[in-house]
Each structure stands twice: as C-alpha cells, then as structure tokens.
Amino acid sequence: MRRIIAPSMLSADFGNLDRDTRMIDRSAAQWVHIDVMDGVFVPNISFGFPVMKPIRQATTKTLDVHLMITDPVRYVARFVEAGADYVTFHYEATDDCRACIDAIHRAGARAGISIKPATAAEVLEELLPEVEMVLVMSVEPGFGGQSFIPSSIDKIRTLAEMKRRMGLDTLIEVDGGISAANARELFDAGAEALVAGSAVFHAADPESEIVRMLNA
C-alpha cells in the first residue's frame, strides 16, 4: 500500500510561500497540495495561476492541484500549463465529469475527481476507471482547520472495495482534519494520499510531523 503525504499550501505562510514550499521540498512529503477556490463553489478565494508558477519553481515534487471552482473544464489546461501534475475537480461542480477528465488528460496531467462529505462514494463507480485519483473530502471544502468527519472512513472503505473489485490502481486521497493522530486509521481503511495543512504548517517541527504521519 502506498503512503503519500501532501501538505496543503493553504495553511502555509502566504508571506513566505517560497520558504514554506522549499521546506516541503526537502521534507519526506512526496506531494505539494494546492487548493484553488473561486468564491462561488466555496465561500473563500485562494490561489490562482500567478501563485502556481513560483510554487512550481520552488519544488521538484508532484504538484497536486485541487480545484474547488465552478465549471472547472474552462481552466484545467491552464493549471497544467502552470505546472500541475494532478488536477482534481469536484463531481458537484460540473454537469459533465467526462469532459473535465478528458480535458485534463489532453493537457498532459493525471485526473482526479473529488466528492463533498454529503456525496455518496457510489456516484463515482462508473467514473473510477477513467481517473487516476479520487479525493474524499473529510471536511466541508473551502476552509482550513476543520475537524475530521468520521463517516469519511466508510467512504474510503467503499472506494477501496470498488478498486479491488474492478482491479484498478486509482489512488484514494483524503483531505480535511488529518494529522498523525488519525493517519494510521485512514491508511488502514484504504487511503494512500493524505492532505494535511494545519497539522504540518502549525507544528513546531513540520518536517518531523510529516515523518510521523508517514510512519503512523
């Protein structure tokens, strides 16, 4: 079972993004997670294309871009051009998931699809073979620092069973309320990539905290 930690730049010091990105680059984390919010699909606004480029320049690690935006198909190619390796969009944000998946693949990136806490894992069954990753939101998207929603564990198990039944290699990622305290339970349930914001960037020693999560 793969174990990937993807620190979320949403919890970094926005005045020192280069410093914080370089810290992640030298850490044991394999990915850098970038949350893109439009103020429509979610209430907050965060990173855009101009911020992506300096982050890309500061790290050689996988850039994991999570689009919390409406009509994502309009923008996926531009995020790939800005350096995204994975582009994840929300099932709830589009009427045509396959068009988004195709656009991401055409642009040369891996495609991910995400579901909110109220959305059942089963809605992804037909789409699972077409994406490289599925992202389970274990908090309501749009805000950092929220508490983990326990029912997310059942969704992870459901998706892991779908993968097994279909013989797929699709990654299962989880985002929201994650720390070293619950990382082991998530990995055991079938998650392979954990997004952690506050737990990493608010830790006294962020690099050590990443190791703790990987070894949970």
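**Considerations on the packing of helix α6 (residues 180–189) against helix α8 (residues 206–214)**
- Relative orientation of the contacting elements α6 and α8 amounts to 30 degrees, with a least axis distance of 8 Å. In terms of axis orientation, α6 runs roughly parallel to α8. Along this stretch, α6 crosses α8, giving a crossing that reads as right-handed. Across the interface between the two elements, Ala180, Ala183 and Phe187 from α6 touch Glu209, Arg212 and Met213 from α8.
- A per-class count over the contact of α6 with α8 returns 4 nonpolar, no polar and 2 charged.

**Quick notes on the state of the cysteines**
- Overall, the coordinates contain 0 disulfides when judged by the stated rule.
- Cysteine 100 supplies the cysteine sulfur nearest to cysteine 97, a cysteine that is in no disulfide, at a spacing of 6.6 Å.
- Relative accessible area serves as the criterion here: at 10%, cysteine 97 is assigned to the buried category.

**A few points about helix α1 (residues 17–26)**
- For α1, every residue scored as buried is listed here: Leu17, Asp20, Thr21, Met23 and Ile24. Taken down its axis, α1 places every buried residue within 155 degrees of arc, on the same side.
- Contact partners of the buried residues in α1: β1 (4–7), β2 (31–37), α2 (49–58), α7 (198–201) and α8.

**Regarding the pairing of strand β6 (residues 133–137)**
- Counting buried residues along β6, 5 of its 5 residues qualify, which places the element largely inside the surrounding structure.
- As judged from the 5 bridges shared by β6 and strand β7 (residues 171–175), these two strands associate in the parallel manner. Residue valine 136 lies in a different strand from β7, and its bridge partner there is valine 174.

Analysis parameters
- Residues numbered from 1 in each chain as written.
- Predicted model: local features only at pLDDT ≥ 70, side-chain atom pairs only at ≥ 80, totals over all residues.
- Heavy atoms only, no water.
- Axes fitted to C-alpha atoms, helices over the stretch in contact; angles between N-to-C directions.
- Helix = DSSP H or I, 4+ residues; strand = E, 2+ residues; numbered from the N terminus.
- Parallel < 35°, antiparallel > 145°, perpendicular 65-115°, else oblique.
- Left-handed = near helix turned anticlockwise from the far one by under 90°.
- Contact = heavy atoms within 4.5 Å.
- Nonpolar A, V, L, I, M, F, W, Y, C, P; charged D, E, K, R; others polar.
- Disulfide = S-S within 2.5 Å.
- Buried < 20%, exposed > 50% of the residue type's maximum accessible area, 1.4 Å probe, protein only.
- Arc of directions from axis to C-beta.
- Pairing = 2+ DSSP bridges.

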